[in-house]
Amino acid sequence: DAGVIQSPRHEVTEMGQEVTLRCKPISGHNSLFWYRQTMMRGLELLIYFNNNVPIDDSGMPEDRFSAKMPNASFSTLKIQPSEPRDSAVYFCASTLEGVNYGYTFGSGTRLTVV
Amino acid sequence: TQLLEQSPQFLSIQEGENLTVYCNSSSVFSSLQWYRQEPGEGPVLLVTVVTGGEVKKLKRLTFQFGDARKDSSLHITAAQPGDTGLYLCAGAPSNNDMRFGAGTRLTVKP
């Protein structure tokens with residue numbers, strides 16, 4: 001298994017531009033999570049999906065952030081418009097329902113907004 | 001305020017030393033997990049502890065879940081430079097959304 005695949009690995013964009021981060025979860029996993037990691041705040045849960053349905057998006061910072069999961073093998077996190085304070089590493093993780101299975105994380109997307 | 005408080009925040013030791021890092025909460029968890037994260041990569045699951053008082057061993061790493069299921073510890077024996085990384089504990093306060101502590105950043109010097 002190739003694991004959780006995220007793209008791009010690095011993204012540098014100008015303030016105000018739209019940014020789209022992509023994630024392919026592990027085949028057979030039915031829960032998908034988007035996290036953001038910064039030195040100041042650590043790993044923060046942004047949103048999670050169960051069977052492609054958004055369950056809890058209370059961690060999404062504001063309306064500039066949106067996430068979709070059109071099918072079981074693909075999810076996107078979009079920021080529009082982006083701001084410098086959005087700079088962080090964004091991780092996608094997937095698991096089989098039931099937290100005791102543990103999460104498998106992708107390698108992350110390092111986003112820099114200048 | 002973090003749901004899970006980890007201590008110490010930073011730890012720098014010499015190769016061969018032993019160490020313990022802690023994960024504490026005022027909440028009860030059905031399970032806690034420990035992850036290790038290396039620079040440029042995502043966290044990798046080390047262990048899941050489920051039963052209060054449970055002790056799990058993974059080579060030189062020993063994980064313990066508190067009797068009240070509110071805290072956990074990770075003990076490393078004879079640390080090696082390859083143990084260097086960010087150690088994160090995680091627990092789910094509700095059904096399926098794992099929350100992470102801020103982590104302990106461990107450096108093991110050769």
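What you see is a predicted model, and the numbers here were worked out from it, not measured in a lab.

Draft legend 1. Up close: the sheet that holds strand β8 (residues 74–79) of chain A. Residues and elements named next belong to chain A. Across the sheet, which stays open at both edges, the four strands sit in the order β1-β3-β8-β7 with antiparallel pairing between neighbours. Strands at the two margins of the open sheet, each flanked by one partner only, are β1 (5–7) and β7 (65–71). Averaged over neighbouring strand pairs, the angle between their axes works out to 15° when direction is ignored. With five bridges connecting them, β7 and β8 associate as antiparallel partners. Bridge pairing in β8 links S66 to K78.

Draft legend 2. Representation of the sheet that holds strand β1 (residues 5–7) of chain B. Residue and element names in this part refer to chain B. What the five strands build is an open sheet, ordered β1-β3-β8-β7-β6; its pairing is antiparallel. Edge positions in the sheet fall to β1 and β6 (55–58), since each has one partner strand and no second. With strand direction ignored, the average angle separating the axes of adjacent strands in the sheet is 15°.

Draft legend 3. Broad picture of the state of the cysteines. Evaluation of the coordinates by the stated rule reveals two disulfides over all chains. Across a sulfur-sulfur distance of 1.9 Å, A:C23 and A:C92 are joined as a disulfide pair. Since a negative S-S torsion denotes a left-handed disulfide, the A:C23-A:C92 link at about -65° is left-handed. Of the two residues, A:C23 sits in strand β3 (residues 19–24) while A:C92 sits in strand β9 (residues 88–95), which places them 69 residues apart along the sequence. Note on accessibility: A:C23 and A:C92 belong to one class, buried. The residue that forms a disulfide with B:C23 is B:C89, at a sulfur-sulfur distance of 2.0 Å. In this structure the cystine formed by B:C23 and B:C89 twists about its S-S bond by roughly 75°; its chirality is therefore right-handed. With B:C23 in strand β3 (residues 19–24) and B:C89 in strand β9 (residues 85–91), this pair connects stretches of sequence that are 66 residues apart. Taking relative accessible area as the criterion, B:C23 reaches 0% and is therefore assigned buried.

Draft legend 4. Molecular detail of the side chain of B:S25. All names here are of chain B. Summarising the element assignment, S25 is placed in the loop between β3 and β4 (32–37). Looking at S25, its side chain comes within polar contact range of the main-chain oxygen of L3, at 2.9 Å. Of note is the side chain of S25, whose polar atom sits 3.0 Å from the backbone nitrogen of S27. Residues in contact with S25, not counting those within four places in the same chain, are L3, L4 and K70.

Procedures and definitions
- Residues numbered from 1 in each chain as written.
- Chains lettered and ligands numbered in written order.
- Predicted model: local features only at pLDDT ≥ 70, side-chain atom pairs only at ≥ 80, totals over all residues.
- Heavy atoms only, no water.
- Pairing = 2+ DSSP bridges.
- Helix = DSSP H or I, 4+ residues; strand = E, 2+ residues; numbered from the N terminus.
- Axes fitted to C-alpha atoms, helices over the stretch in contact; angles between N-to-C directions.
- Disulfide = S-S within 2.5 Å.
- Buried < 20%, exposed > 50% of the residue type's maximum accessible area, 1.4 Å probe, protein only.
- Polar contact = N/O pair within 3.5 Å; in protein donor to acceptor, adjacent residues only side chain to side chain.
- Contact = heavy atoms within 4.5 Å.

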